[in-house]
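Here are the chains, one letter per residue:
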Amino acid sequence: MESRVLSRASVIAGIPHLRPKLHRGSASVTFASAKPIGAVGEGGNVIWGRQLRPALLLESSLVPRREVLKPVSAAAGGSDSAGDAKIAPVGFFEKYPALVTGFFFFMWYFLNVIFNILNKKIYNYFPYPYFVSVVHLFVGVVYCSVSWGVGLPKRAPIDGNLLKLLIPVAACHALGHVTSNVSFAAVAVSFTHTVKALEPFFNAAASQFILGQSIPITLWLSLAPVVLGVSMASLTELSFNWTGFISAMISNISFTYRSIYSKKAMTDMDSTNVYAYISIIALIFCIPPALILEGPQLLKHGFNDAIAKVGMTKFISDLFWVGMFYHLYNQLATNTLERVAPLTHAVGNVLKRVFVIGFSILIFGNKISTQTGIGTAIAIAGVAAYSFIKAKMEEEKRQMKAA
């Protein structure tokens, strides 16, 4: 259920550019400059929408003209003299970028696993996926609104032309999100994620037959194990039903078209603002079907049954936290993508699916047949091969353009 939005802007939370400051005196000029913490990708200085900025304290004393390029001290205590300016210490995030990136991967996996587990637990006592999908998006929209309110990030203006471009993206996002939740509610989490492993196949098919892009034979061959593995897993899946299977397949198709429309809607707006606007539009799309398909049942007995089973406090708490985990893991996924190369992110995405499948089996005690286990493993291996080949091809294209 990843919601990755393409954006030319690499900064998630609008980190401001720090320009040199000019102090004019009788005979001196002082320059103070800084670069973002964490040099791995320009947009990697955000954790859950919070910006991490270096603190700069400019010297009040004048620096001789010959020392124009000398770094300005960051120490609060100041220097003994103008000529003894100290170099600002390297921050933790700049000194250990690999450790910070690893933390982002960990949080991405952790939030995704927690979301899937809590989401399924909710469906066990409140089987209304259309309403729960609305809650996911609604909590995310509230989170974005609060972030805009405090200026982290600053809300980017949107015009009619951009709105027209984002509406198809949001419509596909809404359909893919809802159908994923219908599948999660109908079958085991592990099986839904196995079927969703077919998403690269639909992406390749769309690129070949809709966008007219030539797909190398190596990519098609890497997808064969994915199709074979999903077929094997589906034939012997103990929780199999057609509602869950078809919904997961529709989700794959929806997210494929979302990728297509996202390429047409590329914008200079930062990805956090783009995702916020898409969430708002998708929420509007999701509300009518939830009211029509589940509204009467919810008012009649849905809410009352859930409250009777777990209590009002836990029911509201579960809905709030599942929405927060949904929004945050998507934000962390985008943030992680901006910190690493596409190949690293592709491998990480495959491993994330393995983690989700494995933890869901352990937590819920789902029994799987030997054939289902083998089929799932084959499908994941195929996705890994596809992701590796595709990322390598994209990297080679970028190197050729840069040459």
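Just above, that's the structure.
Conventions we followed
Residues numbered from 1 in each chain as written. Predicted model: local features only at pLDDT ≥ 70, side-chain atom pairs only at ≥ 80, totals over all residues. Heavy atoms only, no water. Helix = DSSP H or I, 4+ residues; strand = E, 2+ residues; numbered from the N terminus. Core = buried A, V, L, I, M, F, W, Y, C linked by side-chain atoms within 4.5 Å. Buried < 20%, exposed > 50% of the residue type's maximum accessible area, 1.4 Å probe, protein only. Patch = residues over 30% accessible without salt bridge, like charges linked within 9 Å, V, L, I, M, F, W, Y side chains within 5 Å. Areas by Shrake-Rupley, 256 points an atom, 1.4 Å probe, with all protein chains shown as cover. Salt bridge = Lys/Arg side-chain N within 4 Å of Asp/Glu carboxyl O. Axes fitted to C-alpha atoms, helices over the stretch in contact; angles between N-to-C directions. Left-handed = near helix turned anticlockwise from the far one by under 90°. Contact = heavy atoms within 4.5 Å. Nonpolar A, V, L, I, M, F, W, Y, C, P; charged D, E, K, R; others polar. Phe/Tyr/Trp six-rings, centres within 6.5 Å; stacked < 30°, edge-to-face > 60°. Parallel < 35°, antiparallel > 145°, perpendicular 65-115°, else oblique.

Here the bond from Leu152 into Pro153 is cis, since omega is 0 degrees, no more than 30 degrees from zero. Inspection of the secondary structure puts Pro153 in the loop between helix H3 (129–149) and helix H4 (160–186).

Attention now goes to the nonpolar core. The biggest cluster of nonpolar side chains holds 61 residues, and the ones touching the most others in it are Trp108, Leu111, Ile122, Phe126 and Leu166. Every element with two or more residues in this core is listed here: helix H2 (97–125), H3, H4, helix H9 (271–310) and helix H10 (312–339). With 14 residues, H2 is the single largest residue contributor to this core. Core analysis: the second largest hydrophobic core is formed by 20 residues, Ala197, Leu219, Ala379 and Ile380 among them.

Another aspect to go through is a nonpolar patch on the surface. On the surface, a nonpolar cluster with roughly 470 Å² of combined accessible area is contributed by Phe209, Ile210, Leu211, Ile253 and Tyr257. By the element assignment, Ile253 lies in helix H8 (residues 242–264). Since its relative accessible area comes to 37%, Ile253 is described here as partly exposed.

This part covers the pattern of salt bridges. Tallied over the entire structure, the rule returns 1 salt bridge. A salt bridge links Lys314 to Asp318, with the shortest nitrogen-to-oxygen separation between them at 3.3 Å. In this pair, Lys314 and Asp318 are both assigned in helix H10, 4 residues apart and thus about one turn of the helix distant. Judged by its relative accessible area of 9%, Asp318 falls in the buried class.

Attention now goes to the packing of H4 against H9. Between H4 and H9, the least distance of the axes is 8 Å, while the angle of their chain directions is 60 degrees. For the crossing formed where H4 meets H9, the hand is right-handed. Across from Leu163, Leu166, Ile167, Val169, Ala170, Ala171, His173, Ala174 and Val178 in H4, the residues of H9 making contact are Val274, Tyr275, Tyr277, Ile278, Ile281, Ala282, Phe285 and Cys286. Looking at side-chain class alone, the contact of H4 with H9 contains 16 nonpolar, 1 polar and no charged residues.

Attention shifts here to the packing of aromatic side chains. According to the stated counting rule, one finds 26 aromatic pairs in the structure shown. An angle of 50 degrees between the planes, with centres 5.1 Å apart, marks the rings of Tyr109 and Phe355 as tilted. Here Tyr109 is found in helix H2, whereas its partner Phe355 is found in helix H11 (residues 342–364), with 246 residues between them in sequence. Using a relative accessible area of 12% as the deciding quantity, one classes Tyr109 as buried.

Where H4 meets H8, the closest approach of the two axes is 7 Å, and the angle between their N-to-C directions is 160 degrees. What the angle tells us is that H4 and H8 run roughly antiparallel. Relative to H8, H4 is oriented so that their crossing is left-handed. Its residues assigned to classes, the contact of H4 with H8 comprises 12 nonpolar, 12 polar and 2 charged.

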